[in-house]
Amino acid sequence: MDNEKKRIVSGMRPTGKLHLGHYFGVLQNWVKIQEEFESYFFIADWHALTTKYNQTEDMRQNVEDVLLDWLASGIDPNKSTIYLQSFVPQTAQLHIYLSMITPQNWVERDPTLKDLAKIMKDKQENMSNLSYGLFGYPVLMTADILLFNSHYVPVGIDQVAHVELTRDIARRFNNVYKNDYFVEPQPKLTQIPLLKGLDGNKMGKSFNNDIKISDSAEITEKKFKSAITDRNRIRRDDKGNPDNCEVVWDYWKIFGTEDEKQEICAGCTGATMGCADCKKRLVKKINDYFAPIREKREELAKNKDYLKDVIFEGSKKARIKAQEVLDGAEKVIRMYK
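Just so it is clear, the model here is predicted, and its values are computed rather than measured.

Thresholds, definitions, all that
Think of each chain on its own: its residues are numbered from 1, step by step along the sequence as written. pLDDT decides what is reported in this predicted model: residues at 70 or higher carry local features, side-chain atom pairs at 80 or more are listed and counted, and totals for whole chains, interfaces and linings draw on all residues regardless. In computing side-chain values, all of the structure's heavy atoms are included and hydrogens and water are not. Secondary structure elements follow DSSP: runs of H or I of four or more residues count as helices, runs of E of two or more count as strands, with numbering from the N terminus. Exposure categories follow from relative accessible area, calculated using a 1.4 Å probe and restricted to protein chains: below 20% of the type maximum is buried, above 50% is exposed, and the middle band is partly exposed. The contact definition used throughout considers only heavy atoms, calling two residues in contact when any of these lie within 4.5 Å. In this scheme, strands are said to pair when DSSP sees at least two bridges between them. Residue count minus one, scaled by 1.5 Å, sets the expected span of a helix. Arc, as used here, means the arc of the directions from the helix axis to the C-beta atoms.

What follows covers the environment of Ala 44. Along the chain, Ala 44 falls in the loop between β2 (38–43) and α2 (45–52). Look at Ala 44 and you get buried, because its relative accessible area is 3%. For the pair Ala 44 and Met 12, spaced 32 residues apart in the sequence, the C-alpha separation amounts to 5.6 Å. Sequence-distant contacts of Ala 44, defined by excluding residues within four places in its chain, comprise Met 12, Arg 13, Pro 14 and Gln 85.

As structure tokens, this is what we get:
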């Protein structure tokens, strides 16, 4: 067995500035992964078009915002290949080949499409409004992964079905063309903490309940004042229960030391510390943690040429490997070359 690193691929849609859920759920893991694996991380601008095809006015800025958050958080272009999906046309070429062998009912069983169908049904919308591009996005996603013959895909437990579809398509390709060309990638499960939004629901930009990586200390403090605490603790001298603290206590679990968590727990259950004081201490911990990341992001944002270089050079590197894999797939299919 050779000593080559195993390959891993993952991506994000460019929907704007990333929040703390992205950081702790994805980026922290990527920073560790890039030390161990040959890593390909892409900004999925084609995937963004599957649902936002008529809302592209902020696409360029959204791409740069995602890139800035990645770089500031520690994704290193000298260790990982960072590329823009649309800059690697081999993705679309492989997508065509894979679409020819993928049964329609395989795509229809995709959990994301099922969820979308339910939403449209609840809104009494016609499923015929589902675009061809959105309907076929699971195959495009498969092309993203197989384009580098990736061994692993870092996902949360709720995304395993996506990787299983990719494995199925890879297996079908190999069976149809009587070859073992494509690796059947394995999901690399990440222990993603469910970092809730400030209102106790799923964190998201559209819910206006998030804290962004790039938020200033002042904005973070202002936002955090609305964070949900123990709803049963009405007055300051009421004894609280951290287990009932839907948001703030979960953040303490991430940002606090063991001694700090014990102190906060004692202050809450003994009613010697109010929720406002607890939040104030926590916000300082959050801001201290992200201060160097935010400072680095501000500096990077001043150098547009560097951002372009990262994307162009990373995409150039990605195209070389992608073309190698695509050539091999076309040879297996017996295309005229």
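Following the structure, the description resumes.
Most of strand β3 (residues 80–84) sits inside the fold, with five of its five residues counted as buried. Pairing analysis gives five bridges linking β2 to β3, with the strands arranged parallel. Note on β3: the bridge partner recorded for Phe 41 is Ile 82.

Along its 12 residues, helix α12 (residues 258–269) runs 16 Å from first to last C-alpha, staying within 8% of the 16 Å computed at 1.5 Å per residue. All buried positions along α12 are accounted for by Glu 260, Lys 261, Ile 264, Gly 267 and Cys 268. One side of α12 holds all its buried residues, which, seen down the axis, span an arc of 130 degrees. Summarising the geometry of α12, the exposed residues directed more than 90 degrees from the buried face are Glu 258, Asp 259 and Gln 262. Those residues of α12 that are buried are in contact with α11 (248–255) and α13 (275–301). Directly beyond the C-terminal end of α12, a positive phi value near 60 degrees is found at Ala 271.

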